[in-house]
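As a plain string of letters, each chain reads:
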Amino acid sequence: MKGIVLFVAVVLVAYGIHYLWVLLPIVSGYGAKHICSSVFIANSSEKYRREDVDTFPMKFATFNINYTDLSVSSSMFGFAQTKAIYRNGLGATLINELTEEEIRNQKFNVEIMSDINQDTIPWPMGDQMDDEVFPSHINKIQLKDAIKDLFIEKDPANLIRTRAVVVLYDGRLISEKYASGFSRKSKFLGWSMTKSIINALIGILVKDKKLNIDESAPVPEWNNSNDPRHSITIKHLLQQQSGLDFKEDYYAKSDVTEMLFLRSDMGAFAASHPLKSKPGSQCYYSSGSTNILSRLIRHTVGENEYHSFPYRRLFSKLGMNSFVMEVDPSGTFVGSSYSWGTARDWARFGLLYLNNGYYNNEQILTEEWIKQSVTLGGVNQYGQHGLHFWLNTGTNNDSHTRKFPNAPADMFCASGFNGQNIFIIPSKKLVIVRFGLTRTPEEEYGANQFLKNVISSINS
C-alpha cells in the first residue's frame, strides 16, 4: 500500500514539474510583453508594474528593462528567457519565431498620433468641459457615492483594485475617479475590449463596401472551396461561431496562450486550426477568431495603409489621441488583446456606439452596423454575443439569466481580462468605463450593483 502511495506521489510531483516547465516560456513571455508595454506605453510606476505581475509563478520572474534599446527581457529561475521590444507607433512586441533583427528591420507606414493639447479643445474631441449646469435630474452625490464605493476594498482576500471610472451621460462627462497613482492621462490596457475595436474597423470596411460579412471570410488558408472552413463567414467570426477547434484557456498551454506568447503570426496560427463543428452551429468564445479578422483587415486594406488605418479612420476622428494598438512579430495588430488608451479615450469609443455611429458631425459607422453589432444572431443560446460585443439580453429575454440583471436589456459592453469594461446603455444615455486589476473568482468586482447604483442616480 505504501508503495502505491509513493508511486502516486511521484507521478503527481512529476506531472506538476512538467506542467510548470511547459508553462514557463508562456509566463515569461507574458511578463516581458506586459512590462515592456507598461514601461514604454503607459509609463507605469514600478509599484504598479509589479502589482500587474504578482501572481504565481510570474512573481518569481526576473525582468531587465533596457532604456537604450527600449526592450524588456524576462526569465524564470534562469530559464525560459524571453524578450519584448518597443517600437514607436507599433507598441511592444514579444520576439517569437522571427529574430529580433528581422522584427526591427520591418518597415511599416506607421501613423504617429499628433501631440495635441486637448485641454483647450471642447469635449468630446478634447478635454475642455463646458460650463453647463449639472443636469438637475441626476443626483450628483449619489453618483459620486456609487463610484467611490467601487474603490473600497471590502474583502482583503479578494481585492478588486479599481483604477479608473468614467461616466458619460447624454454625451457629457459627468463624473470620473482614479485610484492613487493613476489619472486622466494614464493609459490602460483594454485586453479583450480590443475585440470591439476590431468590430469598428470591420464596420468601416463594410461601410466602404470592401467587405460583406455574410460572404465567406477571405482567409488564404480556406480559399479552396473544398475546404470545409471555406463556409466560415466574417459574421461567424464576429459572432464567435466559426466552429474552429481553438481552445481558449489562459491557465494552461492552450491554443490561445500559444498564439499570444509563442507565435509570430497569430492570425495565421489561428486560421490553421481545423473545424470542430459546423460553422454557425455552436457559440464558443475565441481570441483566435479576432486575430483572423485582424489579419483579414490587413489583407483588405493593404500594406501601405494598414498600420495607419485605425488611427486615420477611427481614433483621430474620435479624439482618441492617446490610443496605441500593438502588433505581433509579423506586424499584424493583436486585435484580440493589445490596445492602450486613457479611460476618457475608451469612453469616447463607447460614445460612438451610444450615438449609433455618429460622432463630431460624421457618420463613422452606419446605424445598421450598430444595430447588427448589438443584436443576437445565429446560435446564441445564452443571449451574450453580438458582433464582438457582449449583450445583456439573457436567454429568451429572461432578466434572471442576464449577467447584469440590474441593468436594462439594451445594455451592451466591451469586456476585458481582470475586469475592464465599457458599458453602453442607450435607454439611459449612459457610457460607463471601469478599469482595474481584479483577480477575484469570475473577475467579480460588484459590477451589477454598481450599475444599479449609477442608473438609480440618473433616475433620481
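All figures in this text were calculated on a predicted structure; none of them were measured in a lab.

Observations regarding the environment of Gln 282
- Position of Gln 282 among the secondary structure elements: in the loop between helix H8 (266-271) and helix H9 (287-301).
- Gln 282 gets classed as partly exposed once you look at its relative accessible area, which sits at 48%.
- When the C-alpha positions of Gln 282 and Ser 242 are compared, they lie 8.0 Å apart, and in sequence the two are 40 residues distant.
- Those residues within four positions of Gln 282 in sequence are excluded, and the remaining contacts are Gln 240, Gln 241, Ser 277 and Val 379.

Considerations on the sheet that holds strand S9 (residues 339-342)
- Spatially, the three strands line up as an open sheet ordered S7-S9-S8, and their pairing is antiparallel. Only two strands of the sheet have a single neighbouring strand rather than two, namely strand S7 (187-189) and strand S8 (324-325).
- The pairing of S7 with S9 spans three bridges and is classified as antiparallel. When the sheet's bridge partners are listed, Leu 189 is paired in S9 with Trp 340.
- Sheet contacts for helix H12 (residues 343-354): S7 and S9; angle to S9, the most-contacted strand, approximately 100 degrees.

Looking at a nonpolar patch on the surface
- Among the surface-exposed residues, Phe 56, Phe 60, Phe 77 and Phe 79 lie close enough to one another that they form a single nonpolar patch of about 480 Å² accessible area.
- Secondary-structure assignment places Phe 79 in strand S3 (residues 79-87).

Quick look at the packing of aromatic side chains
- One pass over the full model with this rule turns up 22 aromatic pairs.
- Between the aromatic rings of Phe 40 and Tyr 86, the centroid separation amounts to 5.8 Å while the plane-to-plane angle is 25 degrees, which identifies the pairing as stacked. In this pair, Phe 40 is assigned in helix H1 (residues 2-40) and Tyr 86 in strand S3, connecting sequence segments 46 residues apart. Each of the two residues, Phe 40 as well as Tyr 86, counts as buried.
- An aromatic cluster of at least three residues, connected via ring pairs, comprises Tyr 48, Phe 182, Phe 188, Tyr 311, Phe 315, Phe 323, Trp 346 and Phe 435.
- Lys 33 extends its terminal NZ or CZ atom over the ring of Tyr 338, reaching a point 4.0 Å from the ring centre.
- Taking NZ or CZ as reference, Lys 177 lies 5.3 Å from the ring centre of Phe 151, over its face.

As for the packing of helix H5 (residues 194-207) against H9
- In contact at an axis separation of 10 Å, H5 and H9 are set at 35 degrees when each is read in the N-to-C sense. Between H5 and H9 the crossing geometry is left-handed. In this structure, H5 contributes Lys 195, Ile 198, Leu 201, Ile 202 and Leu 205 to the contact, and H9 contributes Ser 287, Thr 290, Leu 293, Ser 294, Ile 297, Thr 300 and Val 301.
- Looking at the contact of H5 with H9, its residues break down into seven nonpolar, four polar and one charged.

Quick notes on unusual backbone geometry
- For the peptide bond that leads from Phe 56 to Pro 57, omega is -5 degrees, which places it in the cis range.
- Locating Pro 57 in the fold gives a position in the loop between helix H2 (46-52) and strand S1 (61-66).
- Between Trp 123 and the following residue, Pro 124, the backbone shows a cis peptide bond with an omega angle of 10 degrees.
- Mapped onto the fold, Pro 124 is located in the loop between helix H3 (100-104) and helix H4 (140-149).
- At Phe 77, a residue that is not glycine, the phi angle is positive and equals roughly 55 degrees.

Some details on H9
- With 15 residues, H9 should cover 21 Å at 1.5 Å per step; its first-to-last C-alpha distance of 21 Å lies within 8% of that length.
- Here H9 lies mainly inside the structure; 13 of its 15 residues are buried.
- Structurally, the start of H9 carries an N-cap: the backbone nitrogen of Gly 288 is 3.1 Å from a side-chain oxygen of Ser 286.
- Gly 302 sits one or two positions beyond H9 and adopts a positive phi of about 95 degrees.

Here we look at a positive patch on the surface
- Taken together, the side chains of Lys 140, Lys 144, Lys 148 and Lys 177 define a basic patch exposed on the protein surface.
- When residues in the positive patch are grouped by element, the largest group, three residues, is from H4.
- Within the secondary structure, Lys 177 is located in strand S6 (residues 172-178).

Quick word on the sheet that holds strand S4 (residues 91-94)
- Taken together, the four strands give an open sheet; going across it, the order is S1-S2-S3-S4, and neighbouring strands pair in antiparallel fashion. Since the sheet does not close on itself, it has two edges, and those belong to S1 and S4, each with one partner. Going across the sheet, the axis of each strand differs from the next one's by a mean of 20 degrees, ignoring polarity.
- The pairing of strand S2 (residues 71-76) with S3 spans five bridges and is classified as antiparallel. Counterpart to Ser 73 in the pairing with S3 is Lys 83.

Quick look at the domain arrangement of the protein
- Examined at the domain level, the protein breaks down into domain 1 (1-105) and domain 2 (140-457).
- Computed over C-alpha atoms, the centres of domain 1 and domain 2 are 25 Å apart.
- Across the contact, 30 residues belong to domain 1 and 32 residues belong to domain 2.
- Linking domain 1 with domain 2 are seven salt bridges.
- The shortest N-O distance in the salt bridge between Lys 33 and Glu 326 comes to 2.9 Å.
- Summed over the shared surface of domain 1 and domain 2, the number is 15 residue pairs in polar contact (both at pLDDT 80 or more).
- Contributing elements (two or more residues each) for the side of domain 1 that touches domain 2: H1, H2 and S4.
- Sort the elements by how many residues they give to the side of domain 1 that touches domain 2 and H1 lands first, with eleven residues.

The rules we used
Residues numbered from 1 in each chain as written. Predicted model: local features only at pLDDT ≥ 70, side-chain atom pairs only at ≥ 80, totals over all residues. Heavy atoms only, no water. Helix = DSSP H or I, 4+ residues; strand = E, 2+ residues; numbered from the N terminus. Buried < 20%, exposed > 50% of the residue type's maximum accessible area, 1.4 Å probe, protein only. Contact = heavy atoms within 4.5 Å. Pairing = 2+ DSSP bridges. Axes fitted to C-alpha atoms, helices over the stretch in contact; angles between N-to-C directions. Patch = residues over 30% accessible without salt bridge, like charges linked within 9 Å, V, L, I, M, F, W, Y side chains within 5 Å. Areas by Shrake-Rupley, 256 points an atom, 1.4 Å probe, with all protein chains shown as cover. Salt bridge = Lys/Arg side-chain N within 4 Å of Asp/Glu carboxyl O. Phe/Tyr/Trp six-rings, centres within 6.5 Å; stacked < 30°, edge-to-face > 60°. Lys NZ or Arg CZ within 6 Å of the ring centre and 35° of its normal. Left-handed = near helix turned anticlockwise from the far one by under 90°. Nonpolar A, V, L, I, M, F, W, Y, C, P; charged D, E, K, R; others polar. Expected span 1.5 Å × (residues − 1). Polar contact = N/O pair within 3.5 Å; in protein donor to acceptor, adjacent residues only side chain to side chain. Lys, Arg positive; Asp, Glu negative; His and termini not counted. Charge placed at Lys NZ, Arg CZ, Asp CG, Glu CD. Domains from an automatic or database assignment.

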